[in-house]
Amino acid sequence: MDQQVGFDSFALGGSEMREKMLPYGCQQIDDDDVAAVVDILRSAWLTQGPAIERFERDIADYSGAKHAVAFANGTAALHGACYAAGIGQGDEVITSPLTFVASSNCVLYCGGKPVFADIRPDTYNLDPQAVLEQITDKTKAIIPVDFSGQPAEMDAFSAIARDHGLVVIEDAAHSLGAEYGGRRTGSLADMTMFSFHPVKHITTGEGGIIVTDSAEYADRLRAFRSHGITRDPGQLLRNDGPWYYEMQSLGYNYRITDLQAALGSSQLKKLDTFVARRREIAAAYTGALAGVPGLQVPYQHPDTNSSWHLYVLRWKKDILPGGRDRAFDILRSLNIGVHVHYIPVYQQPYYQSIGYETTVCSHAEAYYSEALSLPIFPGMTDRDVQDVIDAVLETVNLLAI
Ligand SMILES: *Cc1c(COP(=O)(O)O)cnc(C)c1O
């Protein structure tokens, strides 16, 4: 029988199919956020003003780090972190293949070589043992990624870094508000990056930040995001007068604006509520879907408290013929905006063109063939959550036929 027939006649939880696609992620903007941005529009500073320092202080305080340096986006922030860590020509940096391309592109920007180590098959985070196996005398840094919002094993990476003289840059784009061993992300690595893209936990439109306890890294990051220019009298090599500044290194214009920073500070006030709602939605999915034959719900390591940027379900082809690929089509046809995160980075055509193999990390590749991200964002109603659960169960029934 052609199983495409009759999708839109399914009764989903007794109701009609959703009229509009439920996205996998979506920002939550309220009147306070709008007012905060309007205030800046009416102020003297649209960029390089006081809202940026305020936002940096807010994020540093929240995450428990001493310094924060905001950037135009998370990718620029990662580029800055690699620069501050001194990554250059020939240096190797170990990261996860199961991530957005920015986590390793930042190494390429600096002339370094990304080295991919496999993920753990349970948490989907970079495996410390696999990292150890990739360390050479050229290795300079590790970039663990807190996949889906669950922090990576930061104590293990810190220990490896100490033993081998490496810098740890945590890609925490998914994990603002998450905890590891009772400590918040942002206090666990030498430098930690958060992203404020609209699908992430809080948004500034585009935006990113590095938090760190090191004043030296913070200085390098500030210079890097603004052309390598300093006006600090204590740092100038000479001083021609009050107008004088010096470009002392090659930086970029990677600055964030005050409009964005003010939005960020306003959004941050709601972060804990957003994360609590994400945790509720994840618990509802796991409650309804754990134990369904052919589905695998996300494993949570006891040391972590995820902030649930993504909720990933794996579909076992041997039990549910067609697996993830068919489930994706069916769920999309039911207006459930499922997604796949991520294609192993080294399989991207650009990485292939610079010499990476297609099969490198077997756990990441197995994951990629089965994974499907369900919608999860704080604005989802209970009805939305139930629609997703009903649609998944309906899909399971169809595949099992
Ligand atoms: C979103 C994201 C980034 C990059 O952030 P942008 O702000 O979009 O540049 C980096 N790494 C991961 C894992 C991400 O999800």
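Residues numbered from 1 in each chain as written. Predicted model: local features only at pLDDT ≥ 70, side-chain atom pairs only at ≥ 80, totals over all residues. Heavy atoms only, no water.

Named according to an unreviewed UniProt entry, the protein chain is UDP-4-amino-4, 6-dideoxy-N-acetyl-beta-L-altrosamine transaminase originating from Cohnella faecalis. Taken verbatim from the UniProt record of the protein chain, the Sequence similarities (unreviewed entry) comment is "Belongs to the DegT/DnrJ/EryC1 family." (UniProt positions renumbered as here; feature names shortened; annotations may be inferred.)

Student: How should I be thinking about unusual backbone geometry in this particular structure?
Tutor: Outside of glycine, negative phi angles account for most residues, and trans bonds account for most peptide bonds. Cis peptide bonds are those with omega within 30 degrees of zero, and the linkage from His341 to Tyr342 qualifies with 0°. You can see Tyr342 is positioned in the loop between helix 10 (323–333) and helix 11 (349–353). Here Ser148, not a glycine, exhibits a phi torsion of approximately 70°, which is positive. Looking at the secondary structure, you find Ser148 in the loop between strand 4 (139–143) and helix 6 (154–164). The exposure class of Ser148 is buried, given its relative accessible area of 10%. (Helix = DSSP H or I, 4+ residues; strand = E, 2+ residues; numbered from the N terminus. Buried < 20%, exposed > 50% of the residue type's maximum accessible area, 1.4 Å probe, protein only.)

Student: Would you take a moment to explain the pairing of strand 8 (residues 191–195) for this structure?
Tutor: Walk down a regular strand and you will see the side chains alternate between the two sheet faces. Of all 5 residues in strand 8, 5 are buried; the element is thus mostly enclosed. Burial along strand 8 is two-sided: Met191, Met193 and Ser195 and Thr192 and Phe194, pointing in opposite directions, are all buried. Strand direction decides the pairing type here: strand 5 (residues 167–171) and strand 8, joined by 3 bridges, are parallel. Note on strand 8: the bridge partner recorded for Ile169 is Met191. In this structure, strand 8 lies alongside strand 9 (residues 208–212), joined through 5 bridges in antiparallel fashion. Bridge pairing links Met193 to Ile210 in strand 9. (Pairing = 2+ DSSP bridges.)

Student: Teacher, can you tell me more about the state of the cysteines here?
Tutor: A covalent bond between the sulfur atoms of two cysteines is what we call a disulfide. Under the definition given, this model contains 0 disulfides. Not part of a disulfide, Cys82 finds its nearest cysteine sulfur in Cys106, a span of 3.6 Å. Taking the relative accessible area as the measure of exposure, Cys82 reaches 0% and is therefore buried. (Disulfide = S-S within 2.5 Å.)

Student: Could you clarify how one ought to interpret the site of the ligand in this entry?
Tutor: Surrounding the ligand, one finds 16 residues, the nearest of these being Gly74, Thr75, Asp171, Ser195 and Lys200. One nitrogen or oxygen atom from the main chain of Gly74 is found 2.8 Å from an oxygen atom belonging to the ligand. Interatomic distance of 3.0 Å between a side-chain N/O atom of Lys200 and an oxygen atom of the ligand. Looking at the shell around the ligand, the elements that each hand over two or more residues are helix 3 (74–84), helix 4 (102–109) and strand 8. The residue makeup of the shell around the ligand, split by class, is 6 nonpolar, 8 polar and 2 charged. (Near = heavy atom within 4 Å. Polar contact = N/O pair within 3.5 Å; in protein donor to acceptor, adjacent residues only side chain to side chain. Nonpolar A, V, L, I, M, F, W, Y, C, P; charged D, E, K, R; others polar.)

Student: Teacher, can you tell me more about the packing of aromatic side chains here?
Tutor: Aromatic rings considered in pairs are described by the distance between their centres and by the relative angle of their planes. Per the counting criterion, the structure on display carries 17 aromatic pairs. Centre to centre, the rings of Phe224 and Tyr252 are 5.2 Å apart; their planes meet at 55°, and the pair counts as tilted. You can see Phe224 sitting in helix 7 (residues 215–225) and its partner Tyr252 sitting in the loop between strand 11 (246–247) and helix 8 (258–268), a full 28 residues away along the chain. What links up through ring pairs into an aromatic cluster is the set Phe71, Tyr83, Phe224, Tyr252 and Tyr254. Positioned above the aromatic ring of Tyr62 is the side chain of Arg184, whose terminal nitrogen or guanidinium carbon lies 3.8 Å from the ring centre. (Phe/Tyr/Trp six-rings, centres within 6.5 Å; stacked < 30°, edge-to-face > 60°. Lys NZ or Arg CZ within 6 Å of the ring centre and 35° of its normal.)

Student: Help me understand the packing of helix 3 against helix 4 in this model?
Tutor: Think of two packed helices as two axes; the pair is described by the angle between the axes and how far apart they sit. Two elements in contact, helix 3 and helix 4, have axes whose closest approach is 8 Å; the angle formed by their N-to-C orientations is 45°. One element, helix 3, and the other, helix 4, form an angle in the oblique class. In this structure, helix 3 meets helix 4 at a crossing whose hand is right-handed. Every residue of helix 4 that contacts helix 3 at Thr75, Leu78, His79 and Cys82 is listed here: Ala102, Ser103, Cys106, Val107 and Tyr109. Classifying every residue of the contact of helix 3 with helix 4 by side-chain character gives 6 nonpolar, 3 polar and no charged. (Axes fitted to C-alpha atoms, helices over the stretch in contact; angles between N-to-C directions. Parallel < 35°, antiparallel > 145°, perpendicular 65-115°, else oblique. Left-handed = near helix turned anticlockwise from the far one by under 90°. Contact = heavy atoms within 4.5 Å.)

Student: I'm lost on the confidence of the model for the protein chain in this one. Help?
Tutor: As a note on interpretation, predicted positions should not be read in detail where pLDDT is low. The predicted model of the protein chain averages 95 in pLDDT, with 96% of residues at 70 or higher. Residue range residues 1–15 is modelled with pLDDT below 50. Its contacts to residues more than four positions away, or to other chains, number 23 contacts. (pLDDT = per-residue confidence, 0-100.)

Student: Help me understand the sheet that holds strand 13 (residues 304–305), please; the structure alone is not making it clear to me.
Tutor: In a beta sheet, neighbouring strands pair by backbone hydrogen bonds and run either parallel or antiparallel. What the 3 strands build is an open sheet, ordered 7-6-13; its pairing is antiparallel. A strand with exactly one partner marks an edge of an open sheet, and here the two such strands are strand 7 (183–184) and strand 13. As defined by bridge partners, strand 6 (residues 179–180) adjoins strand 13 across 2 bridges and the pair is classed as antiparallel. Bridge pairing in strand 13 links Glu179 to Asn305.

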